[in-house]
Amino acid sequence: MKKYLIIVLIPAVAAAVGYLIAMDGGSGIGGEFVSQADCRKAPEHGEMVWIEGGSFTRGATGFYPDEGPLEDIRVGSFWIDRFEVTNARFGEFVDATGYVTVAETQPDPEDFPGIDPALLEPGSVVFTMPTDRDGSLTQWWRFVPGANWREPGGPGSSIEGLETYPVVHVTYQDAKAFAEWLGHDLPTEAQWEYAARGGLDKALYAWGDEFLVDGRHQANTWQGVFPVTNAEEDTFPGSAPVGCFPANGYGLYDMIGNVWEWIDDWYYPVYGTQGSGGHDPRQPGMPVKVIKGGSYLCADNYCRRYRPAARHAQETTLGAAHIGFRTVRNAN
């Protein structure tokens, strides 16, 4: 069933929810920053990085229960996009295929028994900074009729000038359709975490064990008290053009922060659970896939999921302003 309207607003917001967790720092490393002028230039479309297979320790302890227990696993070799899929790249797919995203599709009343058909409109979920820190989640997130990847803020908004920004308001179905157009796939959770670590096994972050490196932010996240104060220390109040922050050890950009990324695996609270449809106690009855990487809305006081091991459930037919994706191509 399609559940991307107000009736599923609270489950959708769960992708941004986190809790304050005390943590000791450690040693860290950082890559090179790209100038804002350079990072706004169009990345090479279709550029992928070869990830040689190997073993790593997946998961983390001391954060969220669904990240544990630690487990040593092996991943085969694969190719992965160097950058998150951009508006420009997604536009090429739409132009070539005529694809229409879920957020642009008129809901079928049969999927919503008991709901007034007049309330069923195409659209997606948009974040709006509230003035009251103690307000409800529905003050921060709004279902906006007409919001979609072309008009990310709602009717009248545009992606003009945002061609190098990650595409958002895409559902799992939309991301999967794009990947299949290329003959690719979405990454498995193990592939994504292995690639995000960049060779730093067991490190807290994709760049080491310190959140800041020489006082500089290594990813696009929220600085300040979420959701009411954004200090914008990283210079981006929202998403950023892909590739503005240092690449990890494998040369991959924005594996952490910027926008969440769709994963091909079903979400279960216990990693590695097999089944179809997934299960999230906070979204009972909803089909849920894993999303990883955190976003520009993850803050120190609210969502500490800007780490390779972090994972979250997302309802498969619901997109939002902070969810995008990248693709993989397997060796076999």
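The structure we're discussing is the one just above.
Residues numbered from 1 in each chain as written. Predicted model: local features only at pLDDT ≥ 70, side-chain atom pairs only at ≥ 80, totals over all residues. Heavy atoms only, no water.

Colleague: Got a sec to walk through the layout of surface pockets? Specific residues and values, please.
Modeller: Estimates place the volume of the largest pocket at around 280 Å³. Lining the largest pocket we find 16 residues, and of these Pro152, Leu162, Val168, Ser239 and Ala321 sit closest to its centre. Here the residues of the lining of the largest pocket are counted per class, giving 11 nonpolar, 5 polar and no charged. (1 Å grid on protein atoms, 1.4 Å probe; cavity = no way out; pocket = protein on both sides within 12 Å on 5 of 7 lines; lining within 4 Å. Points joined across faces, edges and corners; volume = space filled by probe spheres on them. Nonpolar A, V, L, I, M, F, W, Y, C, P; charged D, E, K, R; others polar.)

Colleague: Report on the sheet that holds strand β10 (residues 288-292), specifying residues and quantitative values.
Modeller: Strand order in this open sheet of 4 strands is β11-β10-β9-β12, and the pairing throughout is mixed. Sheet topology places β11 (312-315) and β12 (323-324) at the edges, where each strand pairs with a single neighbour. Sheet contacts for helix α5 (residues 172-182): β9 (260-266) and β10; angle to β9, the most-contacted strand, approximately 85 degrees. (Pairing = 2+ DSSP bridges. Helix = DSSP H or I, 4+ residues; strand = E, 2+ residues; numbered from the N terminus. Contact = heavy atoms within 4.5 Å. Axes fitted to C-alpha atoms, helices over the stretch in contact; angles between N-to-C directions.)

Colleague: Residues and numbers for the packing of aromatic side chains, please.
Modeller: Tallied over the full model, the rule gives 25 aromatic pairs. With 6.4 Å between their ring centres and 80 degrees between their planes, Phe90 and Phe325 make a pair best called edge-to-face. Of this pair, Phe90 sits in helix α3 (residues 87-97) while Phe325 sits in the loop between β12 and β13 (328-330), and the two are 235 residues apart along the sequence. Neither residue differs from the other here; Phe90 and Phe325 are each classed as buried. Looking at Arg58, its charged tip hangs above the ring of Tyr271, at a distance of 3.5 Å from the centre. Of note, Arg307 hangs over the ring of Phe63, and the distance from its end group to the ring centre comes to 3.7 Å. (Phe/Tyr/Trp six-rings, centres within 6.5 Å; stacked < 30°, edge-to-face > 60°. Buried < 20%, exposed > 50% of the residue type's maximum accessible area, 1.4 Å probe, protein only. Lys NZ or Arg CZ within 6 Å of the ring centre and 35° of its normal.)

Colleague: Account for the sheet that holds β13, naming residues and giving values.
Modeller: Two strands in a sheet stick together by hydrogen bonds in their backbones, pointing the same way (parallel) or opposite ways (antiparallel). In space, the 3 strands of this open sheet follow the order β1-β4-β13, with antiparallel pairing throughout. On the outer flanks of this sheet lie β1 (48-51) and β13, each paired with one strand and no other. Direction aside, neighbouring strands of the sheet carry axes that sit 20 degrees apart on average. The sheet contact formed by β1 and strand β4 (residues 78-81) spans 4 bridges and is antiparallel. Within the sheet, the bridge partner assigned to Trp50 lies in β4 and is Trp79. Along the sheet, helix α6 (residues 189-197) makes contact with β1, β4 and β13, crossing β4 at roughly 70 degrees.

Colleague: Quick one: what's the story with the pattern of salt bridges, residue by residue and with numbers?
Modeller: On inspection of all chains with the given rule, the structure shows 13 salt bridges. Residues Arg307 and Glu67 are paired through a salt bridge, measuring 2.7 Å at the closest nitrogen-oxygen approach. Taken together, the residues span a long stretch of sequence, with Arg307 in the loop between β10 and β11 and Glu67 in the loop between β2 (54-58) and β3 (71-75) at a distance of 240 residues. (Salt bridge = Lys/Arg side-chain N within 4 Å of Asp/Glu carboxyl O.)

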